[in-house]
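These are the residues of each chain, in order.
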Amino acid sequence: MNAVKAIFVKQLNDFPKNMSIALMFIMYPVIAWVVSSFMGQEDPEAGNMIVMQFAMIFVGMTPLIMMANGIAEDNEYKSLRFLVTAGVKPVQYLVGLMSFTIIMSVLPLLAFAWIGGISGGQFAQFMGLGMLGVLASSVLGAVIGLFSKNVQQCAAIYSPIMMVLSFVPFLSMFNDTVARVGTVIFTGQIFYSLIEIVIGSEAFEGRYNEYGEWVEGILPMYSGMNFALLVVAANALLFIALFVVAYRKRGLRG
Amino acid sequence: MIYMKGVVKRFGEKVVLNDVSFEAKDGEIFGLLGPSGAGKTTIINILAGQLQADGGSHDIGTNLMHTGLMLEQDGLYARLSCTENLNLFARIYGVPLSKVSQSLEAVGLTEAAKKPVNKLSKGMRQRLALARAILHEPKVLFLDEPTANLDPNTAIGIHKLIRDLRDRGSTVFLTTHNMDEAVNLCNNVALLHRGAIVEYGQPAEICERHDSFKTVPDLEAVFLKLTGDVMTEVKL
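Worth saying up front: this structure is predicted, and the values here are computed from it rather than measured.

This brings us to the pairing of strand 3 (residues 29-33) of chain B. Residues and elements named next belong to chain B. The buried fraction of strand 3 is high, at five of five residues. Burial along strand 3 is two-sided: Ile 29, Gly 31 and Leu 33 and Phe 30 and Leu 32, pointing in opposite directions, are all buried. Relative to strand 7 (residues 171-176), strand 3 runs parallel, the two sharing five bridges. When the bridges of strand 7 are listed, Leu 32 appears paired with Thr 175. Pairing of strand 3 with strand 8 (residues 188-193) involves four bridges; the strand directions are parallel. Each residue of the ladder has a partner; that of Leu 32, found in strand 8, is Ala 190.

This next bit is on the sheet that holds strand 6 (residues 140-144) of chain B. All names here are of chain B. Taken together, six strands build an open sheet; the order of strands is 5-6-7-3-8-9 and the sheet is mixed. The open sheet has two free edges, formed respectively by strand 5 (67-70) and strand 9 (196-201), since each of these has just one partner strand. Looking at each pair of strands side by side, their axes are set apart by 15 degrees on average, direction ignored. Along the sheet, helix 5 (residues 152-167) contacts strand 3, strand 6 and strand 7; its crossing angle with strand 3, the most-contacted strand, is approximately 130 degrees.

All names here are of chain A. In the structure shown here, the tally under the stated rule is 15 aromatic pairs over all chains. Plain terms: the ring middles of Phe 8 and Phe 100 are 5.4 Å apart, the flat faces sit at 80 degrees to each other, and that makes the pair edge-to-face. Here Phe 8 is found in helix 1 (residues 2-14), whereas its partner Phe 100 is found in helix 5 (residues 90-115), with 92 residues between them in sequence. Taking the relative accessible area as the measure of exposure, Phe 8 reaches 23% and is therefore partly exposed.

Looking at the secondary structure, you find B:Thr147 in the loop between strand 6 and helix 5. According to the relative accessible area criterion, B:Thr147 is buried, its value standing at 11%.

Take the environment of B:Lys25 next. Residue and element names in this part refer to chain B. Positionally, Lys 25 belongs in the loop between strand 2 (14-24) and strand 3. Accessibility expressed as a relative area gives 44% for Lys 25, which makes it partly exposed. Residues Lys 25 and Ile 2 lie 23 residues apart in sequence; the distance between their C-alpha atoms is 6.6 Å. When near neighbours in sequence (up to four residues on either side) are disregarded, Lys 25 contacts Met 1, Thr 171 and Asn 188.

Inside soluble globular proteins, nonpolar side chains tend to come together where they are buried. If you look at the biggest cluster of nonpolar residues, it comprises 151 residues, and the most contacted ones within it are A:Leu83, A:Phe126, B:Ile43, B:Phe142 and B:Phe173. Counting residues per element, this core draws most heavily on helix 3 (residues 44-76) of chain A, at 18 residues. Excluding anything up to four places from it in sequence, B:Phe142 contacts B:Ile2, B:Ile44, B:Leu47, B:Ala48, B:Ile60, B:Thr67, B:Gly68, B:Leu69, B:Met70 and B:Phe173.

Residues and elements named next belong to chain B. Burial of the side chains of strand 5 extends over both faces: Thr 67 and Leu 69 are buried on one face and Gly 68 and Met 70 on the other. Pairing of strand 5 with strand 6, which is carried by four bridges, proceeds in the parallel orientation. Paired with Thr 67 across the strands is Val 140, a residue of strand 6.

Residues and elements named next belong to chain B. Spatially, three strands are ordered 2-1-4 in an open sheet, and the strand pairing comes out antiparallel. Looking at the sheet topology across the chains shown, the edges are occupied by strand 2 and strand 4 (55-59). Averaged over all pairs of adjacent strands, the angle between their axes in this sheet comes to 25 degrees, without regard to strand direction. Of the pairings in the sheet, the one linking strand 1 (residues 2-11) to strand 2 comprises seven bridges and is antiparallel in character. Bridge assignment links Lys 9 to a residue of strand 2, and that residue is Leu 17. Contacts from helix 1 (residues 40-47) reach strand 1, strand 2 and strand 4 within the one sheet, and its direction differs from that of strand 1 by about 115 degrees.

So, on to the interface of chain A and chain B. Contact residues are listed per partner, giving 24 residues for chain A and 26 residues for chain B. For the pair chain A and chain B, the summed buried surface comes to about 2300 Å²; carbon and sulfur atoms form 57% of the total. In terms of surface lost to chain B, no three residues of chain A exceed A:Phe82, A:Thr85 and A:Ala86, which account for 29% of the buried area on that side. Where chain A packs against chain B, one counts three salt bridges. Here B:Arg79 and A:Glu73 are joined by a salt bridge, their closest N and O atoms 2.8 Å apart. For the side of chain A that touches chain B, the secondary structure elements donating two or more residues are helix 1, helix 3 and helix 4 (79-85) of chain A. With eight residues, the top contributor of residues to the side of chain A that touches chain B is helix 1 of chain A. Within the side of chain A that touches chain B, the residues separate by chemical class into nine nonpolar, six polar and nine charged.

What counts as what
- Residues numbered from 1 in each chain as written.
- Chains lettered and ligands numbered in written order.
- Predicted model: local features only at pLDDT ≥ 70, side-chain atom pairs only at ≥ 80, totals over all residues.
- Heavy atoms only, no water.
- Buried < 20%, exposed > 50% of the residue type's maximum accessible area, 1.4 Å probe, protein only.
- Helix = DSSP H or I, 4+ residues; strand = E, 2+ residues; numbered from the N terminus.
- Pairing = 2+ DSSP bridges.
- Axes fitted to C-alpha atoms, helices over the stretch in contact; angles between N-to-C directions.
- Contact = heavy atoms within 4.5 Å.
- Phe/Tyr/Trp six-rings, centres within 6.5 Å; stacked < 30°, edge-to-face > 60°.
- Core = buried A, V, L, I, M, F, W, Y, C linked by side-chain atoms within 4.5 Å.
- Buried area = accessible area lost by both parts, 1.4 Å probe.
- Salt bridge = Lys/Arg side-chain N within 4 Å of Asp/Glu carboxyl O.
- Nonpolar A, V, L, I, M, F, W, Y, C, P; charged D, E, K, R; others polar.

Here it is as structure tokens:
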């Protein structure tokens, strides 16, 4: 427990000094608030959709980068070697890093919920889904960190992955094939669920506008919250399995 | 007691350690001498559990938790302050945080306690790495070139600190290519050349054995005689 706490406190001390990471926690909610304030004046639905899009991008990118960078940095500068020699077990190291990442991710999620005006039962759904996504993203980040010898290599691995996770759900609005990919990745299901929470099923099913004309839904068919939770959990399990393979192959020795 | 017996290590086809055997008694300062690339760091890495030997046996006589490690790559957290770096290890070792200021004082870094590591000079980083290594008063201390890059005054201070640790019962295992350091500091030394031990014993004894003890023991001359190589790196 000493080691987990020590790693957690180390992360806490490092967080405000690691500007590139700390900024992501502030930047996404702030940009979401600014953009939604402008867009929401004319079209509240579009404003809320933008907030959910930023929430999805945050969940897909930030915990992943934080975990991957943290492990790669400790590998590159041999800090991990000293931790292991001091008796820190790999599982303690990872729990310390991951618990900090997950706890820190709560604050931006709360901010997104507030900006998007989510409350009551929807708030619980939003936070549950968001935290499950943060878990999946963190584990995937740990896998990438394990495979990276240094921070540069780490960025080269996570950049394309991150782009798929962040842009595919958004691009689902424009292309059916992309939408099919979106239904099996955790960020896709998180995005669709968040849209369902703030806009409702008409975002998928379509609706009649004020002139009585039928308007198609902006996103592919949504299979419901339970299916979304199942996909996010399946993604998390897949990443955990990948992590076990990566850990057996690469280990955490510094 | 730290020992290696017939240790072999290969990196691919290259044999970097070939039948290496020595022992360092409890409570002594043991020096491993050799030029760059001789295999000194590989030996430390094997003893400190960072690398696996391909053959032979070795032991450090204690749990890795009771060792202190100072390597060329210091592994310090660059954005954190000196105190925060040591606090991390104090928490891991379960030693009181008050030990942190004592360790910083011992290496002369009290005034730099709040400075982030990335603002320290190379010599200061090295001293901080030493402070981390001695924080929990380890039974065995591995020091890889502990005074390289340090000014003479700081090096003397570090020598005193190493002797103090030895006097308090720690076994100090250090590598160096500074012959004077080895003669002045070490109880026993092993001369390492291309992955093999070519001499082993007390510095003065070794020099006498090879007729290189004129007014002071001259390990450099012994090494040259045995290997035909110069030990000290010449930087132009």
